[in-house]
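# Reading the structure
Spelled out, the chains give:
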Amino acid sequence: MYKFVFYLRTEEGHIKRLENMAVIGTIDFLSSYQYPQPLSGFPEPAVFWAKEEGLSMGIAVLDL
């Protein structure tokens, strides 16, 4: 099992980590989030987005 944290990307491309939203699941949880992006300045090294560009919800494996 993994712990995941959610991210939000605005239309303008700004990224926000939603610290109070986390979920526990298997790695299969990422199947709906097909667009990886490396992160800089956040605890997690990468986020996986539901949409390739624009407004989107993303998810990352929580860096313990």
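Structure shown above.
Parameters at a glance
- Residues numbered from 1 in each chain as written.
- Predicted model: local features only at pLDDT ≥ 70, side-chain atom pairs only at ≥ 80, totals over all residues.
- Heavy atoms only, no water.
- Helix = DSSP H or I, 4+ residues; strand = E, 2+ residues; numbered from the N terminus.
- Rg over C-alpha atoms; globule rule 2.2 N^0.38 Å.
- Buried < 20%, exposed > 50% of the residue type's maximum accessible area, 1.4 Å probe, protein only.
- Lys, Arg positive; Asp, Glu negative; His and termini not counted.
- Charge placed at Lys NZ, Arg CZ, Asp CG, Glu CD.
- Salt bridge = Lys/Arg side-chain N within 4 Å of Asp/Glu carboxyl O.
- Core = buried A, V, L, I, M, F, W, Y, C linked by side-chain atoms within 4.5 Å.
- Contact = heavy atoms within 4.5 Å.
- Polar contact = N/O pair within 3.5 Å; in protein donor to acceptor, adjacent residues only side chain to side chain.

### A short note on the overall build of the protein
- Scanning the protein for helices and strands turns up 0 helices and 5 strands.
- In sequence order, the protein lays out its α and β elements as β-β-β-β-β.
- Relative to the globule expectation of 11 Å for 64 residues, the C-alpha radius of gyration of the protein, 11 Å, shows essentially globular dimensions.
- Its C-alpha atoms put the protein at 35 × 25 × 20 Å along the principal axes.
- Taken across its 64 residues, the protein has 31% of its residues classed as buried.
- If the 5 positive side-chain charges of the protein are averaged to one point and the 8 negative ones to another, these points end up 6 Å apart.

### Some thoughts on the pattern of salt bridges
- This structure, assessed with the given rule, holds 1 salt bridge.
- Between Arg-17 and Glu-44 there is a salt bridge, and its shortest N-O distance comes to 2.9 Å. With a gap of 27 residues between them, Arg-17 in strand β2 (residues 15–25) and Glu-44 in the loop between β3 (35–38) and β4 (46–49) connect regions that are remote in the sequence.
- Given a relative accessible area of 16%, Arg-17 falls into the buried group.

### Remarks on the nonpolar core
- In this structure, Val-5, Tyr-7, Leu-39, Val-47, Trp-49, Ala-60 and Leu-62 together form the largest nonpolar core, which totals 7 residues.
- The contacts of Leu-39, once residues within four sequence positions are left out, are Tyr-7, Ile-15, Glu-44, Pro-45, Ala-46 and Val-47.

### Focus on the side chain of Ser-56
- Tracing the sequence through the fold places Ser-56 in strand β5 (residues 56–61).
- Given a relative accessible area of 5%, Ser-56 falls into the buried group.
- Reaching out from Ser-56, the side chain makes a polar contact with the backbone nitrogen of Ala-50 at a distance of 3.3 Å.
- The contacts of Ser-56, once residues within four sequence positions are left out, are Tyr-7, Leu-8, Arg-9, Trp-49, Ala-50 and Lys-51.

That's the geometry; what it means functionally is another story.
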